[in-house]
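Listed below, chain by chain, are the residues.
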Amino acid sequence: MANKRDYYEVLGVNKSASESEMKAAYRKLALKYHPDRNPDNKDAEEKFKEAAEAYEVLKDPQKRQIYDQFGHQGLEGSGYSGFGGFEDIFSSFGDIFEDFFGFGRGRRTRSRSTKGADLRYDLNLSFMDAAFGTETEINVVKKDGCPRCQGSCSEPGSYPETCPQCHGSGQVTRSQGFFTVRTTCPVCHGNGQTISNPCHQCRGNGFVEARKTVSLKIPAGVDNGSRLRLNGEGEAGSLGGPYGDLYVFIHVKPHEFFERNETDVICQIPISFVQAALGDKIKIPTLTGEKELEVPKGTQPGEIFRFKGEGIASLRNGHHGDQIIQVNIKTPTHLNKKQESLLKEFAKIEAGKLTTKLKNILKGEHSRAAN
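A. The arrangement of the overall build of the protein in detail. Looking only at helices and strands, one finds eight helices and 15 strands in the protein. Split into buried and exposed, the 371 residues of the protein put 36% on the buried side.

What follows is the structure in structure tokens.
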């Protein structure tokens, strides 16, 4: 790759060129060196390939970033090897050529099989099922290959026929100056075949609506917005094309006690002011059962405690987060006379302590002022 010219130089643009500027530059070069306009011209063919490769790299933000930083060697190291030939170029840029010039490549063949559509399924999970994972089954309604005609669109015993208009190419061709203009065949609509005896079950479409039960394994640690991909569980492709994929989007229902922050779980625990003042040992619910928490003397409102490793497993590495406990100190209501009397006595003691503390502060202030 060391002998290759700079891609920006090939397109004749500077390194800050926008996508539209690069597209316009490539259009000009592709039109100039297109093989249909330069038959048996090896130099034009090479320049056509060179321009296509430059545009293929620079129009892709990721490839462009690698190229800007590391040049051709960086692309080679990332696995990029360029186009193998004209077929690769026209396969990648077929839509662009039609957009630029209104024509395709005469020697290019049309691929009539296409991949099936991807599907989406929204799955609601409980908080605990999301935390620990689960296995479930979902019912999917999708377009599937017709079992009667096996996707051929024709009744069993009969077969599709080659389109007499385009002779199976799916396109009709006409000459226009230097160019070969190719358009979709109006008879077969680009399929290259016609159906003289359509299948009775699918009415010649090759597809039927099907319901399928799909087994699904939910990994531990999924969260709202997590997406699972099931390869090949989407809709059937046309003319033997592969099935699409099924994407399952996860929605986790809120829990009455726990909240989640990434892999940590958070809970709020009410305690009395007596427990906060004197300390206590209390039972705390966790994801896996109860665990004892020692509340130290003098605990303040909103103070945080933590159980290490009692949170949710990370989808990336399997490590568990923590359980975070926030204490809320409840003020007692509906006191009886004895409780009121004890609290008043407590208040007098506390007031005495406060008065003594203030006197000591003022005494110190007066002493410093006298000095």
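B. Looking closely at the sheet that holds strand β8 (residues 227-230). Taken in spatial order, the three strands line up as β1-β9-β8 in an open sheet, and their pairing is mixed. In this open sheet, the two edge strands, each paired with only one partner strand, are β1 (119-125) and β8. Taking each pair of neighbouring strands and ignoring which way they run, the sheet shows an average axis angle of 25°. Pairing geometry for β1 and strand β9 (residues 246-252), over seven bridges, is parallel. Its bridge partner lying in β9, Tyr121 is registered against Val248.

C. The arrangement of the state of the cysteines in detail. A complete count under the given rule lists zero disulfides for this structure. Free cysteine Cys149: the closest other cysteine sulfur is in Cys202, separated by 3.7 Å. Taking relative accessible area as the criterion, Cys149 reaches 6% and is therefore assigned buried. Its sulfur unpaired, Cys153 is 5.6 Å from the next cysteine sulfur, which belongs to Cys149. Residue Cys153 is classed as buried on the basis of its relative accessible area of 11%.

D. Geometry of helix α2 (residues 19-33). A rise of 1.5 Å per residue sets the reference length of α2, with its 15 residues, at 21 Å; its end C-alpha atoms lie 21 Å apart and thus fit the reference within 8%. Within α2, burial applies to Met22, Ala25, Tyr26, Leu29, Ala30 and Tyr33. For α2, the buried positions fall inside an angular range of 135° around the axis, keeping them on one side. More than 90 degrees from the buried face of α2, the exposed residues found are Ser20, Lys28 and Lys32.

E. Inspection of the sheet that holds strand β15 (residues 323-330) at higher detail. Spatially, β10-β11-β15-β14 is the arrangement adopted by the four strands of the open sheet, whose pairing is mixed. The open sheet has two edge strands with one neighbour each: β10 (259-261) and β14 (304-307). Shown here is a sheet whose adjacent strand axes are inclined to one another by a mean of 35°, direction ignored. With four bridges joining them, β14 and β15 adopt antiparallel strand pairing. Directly across from Arg306, in β15, lies its bridge partner Ile324.

F. Focus on the packing of α2 against helix α3 (residues 42-58). Their axes nearest at 9 Å, the elements α2 and α3 cross at an angle of 165°. Taken as axis vectors, α2 and α3 run roughly antiparallel relative to one another. Of the two possible hands of crossing, α2 and α3 adopt the one that is left-handed. Taking contact as the criterion, the partners of Met22, Lys23, Tyr26, Leu29, Ala30 and Tyr33 in α2 are, on α3, Ala44, Lys47, Phe48, Ala51, Ala52, Tyr55 and Leu58. Here the contact of α2 with α3 is composed, by residue class, of eleven nonpolar, no polar and two charged.

G. The pairing of β9, seen in detail. Of all the seven residues making up β9, six are buried; the element is thus mostly covered by neighbouring parts of the structure. Examined bridge by bridge, β8 and β9 share four bridges and lie antiparallel to one another. Following the sheet pairing, Leu230 is matched in β9 by Leu246.

H. Spatial organisation of the nonpolar core. One finds Tyr7, Leu11, Val13, Met22, Tyr26, Leu58 and Tyr67 to be the most contacted residues of the largest nonpolar core, which totals 22 residues. Considering every element that reaches this core, the biggest residue donor is α3, with eight residues. Core analysis: the next-biggest nonpolar cluster, separate from the first, contains 18 residues, Ala131, Cys267, Ile284 and Leu293 among them.

I. Here's a closer look at the side chain of His72. Relative to the helices and strands, His72 is located in helix α4 (residues 61-77). A polar atom in the side chain of His72 sits 3.1 Å from the backbone oxygen of Arg5.

J. Quick peek at the confidence of the model for the protein. Residue-level pLDDT values for the protein average 81, and 81% of them are 70 or greater. Overall, residues 97-111 carries pLDDT values under 50, and its contacts beyond four positions in sequence, including any with other chains, amount to 46 contacts.

K. Layout of the environment of Tyr8. Here Tyr8 is to be found in helix α1 (residues 7-11). The sequence separation of Tyr8 and Met22 amounts to 14 residues, and the corresponding C-alpha distance is 8.8 Å. When near neighbours in sequence (up to four residues on either side) are disregarded, Tyr8 contacts Val13, Asn14, Lys15, Leu58, Arg64, Tyr67 and Asp68.

L. Summary view of a nonpolar patch on the surface. A grouping of Phe273, Val274 and Leu278 is seen on the molecular surface, where their side chains present a nonpolar patch of about 270 Å² in accessible area. Mapped onto the fold, Leu278 is located in helix α7 (residues 273-278).

M. Representation of the pairing of strand β11 (residues 264-272) in the model. Sheet topology note: the β10/β11 ladder contains three bridges and is antiparallel. Residue pairing in the sheet places Asn261 in a bridge with Asp264 of β11. Counting the residues that bridge the hairpin from β10 to β11 gives two residues, and of these Glu262 lies at a positive phi of roughly 60°. For β11 and β15, the ladder comprises eight bridges, and the chain directions are parallel. Opposite Pro270, over in β15, you have Asn328 as the bridge partner.

Cut-offs applied
- Residues numbered from 1 in each chain as written.
- Predicted model: local features only at pLDDT ≥ 70, side-chain atom pairs only at ≥ 80, totals over all residues.
- Heavy atoms only, no water.
- Helix = DSSP H or I, 4+ residues; strand = E, 2+ residues; numbered from the N terminus.
- Buried < 20%, exposed > 50% of the residue type's maximum accessible area, 1.4 Å probe, protein only.
- Pairing = 2+ DSSP bridges.
- Axes fitted to C-alpha atoms, helices over the stretch in contact; angles between N-to-C directions.
- Disulfide = S-S within 2.5 Å.
- Expected span 1.5 Å × (residues − 1).
- Arc of directions from axis to C-beta.
- Parallel < 35°, antiparallel > 145°, perpendicular 65-115°, else oblique.
- Left-handed = near helix turned anticlockwise from the far one by under 90°.
- Contact = heavy atoms within 4.5 Å.
- Nonpolar A, V, L, I, M, F, W, Y, C, P; charged D, E, K, R; others polar.
- Core = buried A, V, L, I, M, F, W, Y, C linked by side-chain atoms within 4.5 Å.
- Polar contact = N/O pair within 3.5 Å; in protein donor to acceptor, adjacent residues only side chain to side chain.
- pLDDT = per-residue confidence, 0-100.
- Patch = residues over 30% accessible without salt bridge, like charges linked within 9 Å, V, L, I, M, F, W, Y side chains within 5 Å.
- Areas by Shrake-Rupley, 256 points an atom, 1.4 Å probe, with all protein chains shown as cover.
- Salt bridge = Lys/Arg side-chain N within 4 Å of Asp/Glu carboxyl O.

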